2 protein chains.
Amino acid sequence: MKQFEDRIRQDGIVREGGVLKVDSFLNHQMDVALFQDIGKEFFRLFGDSGVTKILTIEASGIGIACITAQYFQCPVIFAKKNKTRNIAGGVYTAKVESFTHGKVYDVIVSKDFLKPEDRVLLIDDFLANGSALQGLISLVHDAGAHLVGAGVCIEKAFQPGGDLIRAAGVRVESLARVKSMTPDGGVEFC
Amino acid sequence: MKQFEDRIRQDGIVREGGVLKVDSFLNHQMDVALFQDIGKEFFRLFGDSGVTKILTIEASGIGIACITAQYFQCPVIFAKKNKTRNIAGGVYTAKVESFTHGKVYDVIVSKDFLKPEDRVLLIDDFLANGSALQGLISLVHDAGAHLVGAGVCIEKAFQPGGDLIRAAGVRVESLARVKSMTPDGGVEFC
């Protein structure tokens, strides 16, 4: 998605340790007009797959998933990072390791909202080591639902997540695939 | 908002301890068609206030805020609950006590995205004791920005948050104001 790559080049900031900071438009301040273009592109890619639910993970996937779901006319579920008082009863659980936060945590989805008859599209802002996406895939499998694929905004193609998940037979569509980043702030796409 | 009250009566579940569970349509599974109606109603209420930014708090406010922002054609910022590696530099900080999780945490917003010239609308799913909203108000004040008001989906009018914040001169618009809940699952609106 050329326009999105241009935006990353223009407003993304490269930091030490392989961090690409896009918090001015993607995951802290959120440009919803851009999200509409992203959502339309995901619909172009997955619109004929009979998606019944979009599954994402809190927090930064939620906005993109909700805007995208308008085009699919389906609900969004977000996997929660902490067990709250408000989720009683059965949940599916998966472990996720956060690249950004450097820790492992459980994510949960209520069994009420993910069913064997569902056709699930995963949506997330980043794909790097793939831990979040693998956690979501595991939740879909536990529910016995059909996994349509994963729509990712930015894939760090120099980290192993994308290759691993594609090798497992999952369709992964990334709108921008970063090949490399240079310390002077340059971003090169695949 | 009659249609929203009907939905809460139909799909909300009353639990012990004053908990109103709406996770089948509002804050775990999210009905984006309903969010569009909610967003249009917030725009009807605040559309003439010159809003330049919508501010919410992770995680469950994000989806509603993003759908709503489409009508205002402005960006969304979400206050983050944990300091991540990706936010360097200056942040505004406020303390928030979670009714649902029963703990106190810091929320932060980057100083890059909240400016004195901004006219800020707060959006959240729930207003109960008001701690989250008061945290967001404090972030807006710290930035020297203009607070337009707060749009809340469900206000628990039997808890003190709404009265406290209105008494402080903030315009609060709640789409459903719950007067009382009964153990047999009944919900009465103001």
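As a reminder, the structure under discussion sits directly above these lines.
The rules behind each value
Residues numbered from 1 in each chain as written. Chains lettered and ligands numbered in written order. Predicted model: local features only at pLDDT ≥ 70, side-chain atom pairs only at ≥ 80, totals over all residues. Heavy atoms only, no water. Salt bridge = Lys/Arg side-chain N within 4 Å of Asp/Glu carboxyl O. Buried < 20%, exposed > 50% of the residue type's maximum accessible area, 1.4 Å probe, protein only. Pairing = 2+ DSSP bridges. Helix = DSSP H or I, 4+ residues; strand = E, 2+ residues; numbered from the N terminus. Contact = heavy atoms within 4.5 Å. Axes fitted to C-alpha atoms, helices over the stretch in contact; angles between N-to-C directions. Buried area = accessible area lost by both parts, 1.4 Å probe. Nonpolar A, V, L, I, M, F, W, Y, C, P; charged D, E, K, R; others polar.

A. Highlighting the pattern of salt bridges. Residue and element names in this part refer to chain A. With the rule as written, the count across this model stands at 24 salt bridges over all chains. Across the pair Arg171 and Glu173 runs a salt bridge whose closest N-O atoms are separated by 2.9 Å. Classification of Glu173 by relative accessible area gives partly exposed; the value is 23%. The structure contains a network of salt bridges with shared partners spanning Lys2, Asp6 and Arg9.

B. Broad picture of the sheet that holds strand S11 (residues 187–189) of chain B. Spatial strand order, S3(A)-S5(B)-S4(B)-S8(B)-S9(B)-S10(B)-S11(B): 7 strands in an open sheet with mixed pairing. Only two strands of the sheet have a single neighbouring strand rather than two, namely strand S3 (29–30) of chain A together with S11 of chain B. The pairing of strand S4 (residues 53–57) of chain B with strand S8 (residues 119–127) of chain B spans 3 bridges and is parallel. Paired with Ile54 of chain B across the bridge in S8 of chain B is Leu121 of chain B. Relative to the sheet, helix H3 (residues 61–72) of chain B contacts S3 of chain A together with S4, strand S5 (76–79), S8 and strand S9 (146–156) of chain B, its axis offset from that of S4 of chain B by approximately 170°. Relative to S8 of chain B, helix H4 (residues 131–143) of chain B is tilted by about 170°, and along the sheet it contacts S4, S5, S8 and S9 of chain B.

C. Main features of the interface of chain A and chain B. Tallying the contact residues gives 42 residues for chain A and 42 residues for chain B. Carbon and sulfur atoms make up 59% of the surface buried where chain A meets chain B, a total of about 3700 Å² over both sides. Connecting chain A to chain B are 0 salt bridges. Contributions of two or more residues to the side of chain A that touches chain B are made by strand S2 (19–21), S3, helix H2 (32–46), helix H3 (61–72), strand S5 (76–79) and strand S7 (103–110) of chain A. Residue composition of the side of chain A that touches chain B, grouped by class: 21 nonpolar, 14 polar and 7 charged. For S3 of chain A and S5 of chain B, the ladder comprises 2 bridges, and the chain directions are antiparallel.

So yeah, pure geometry; function would need other evidence.
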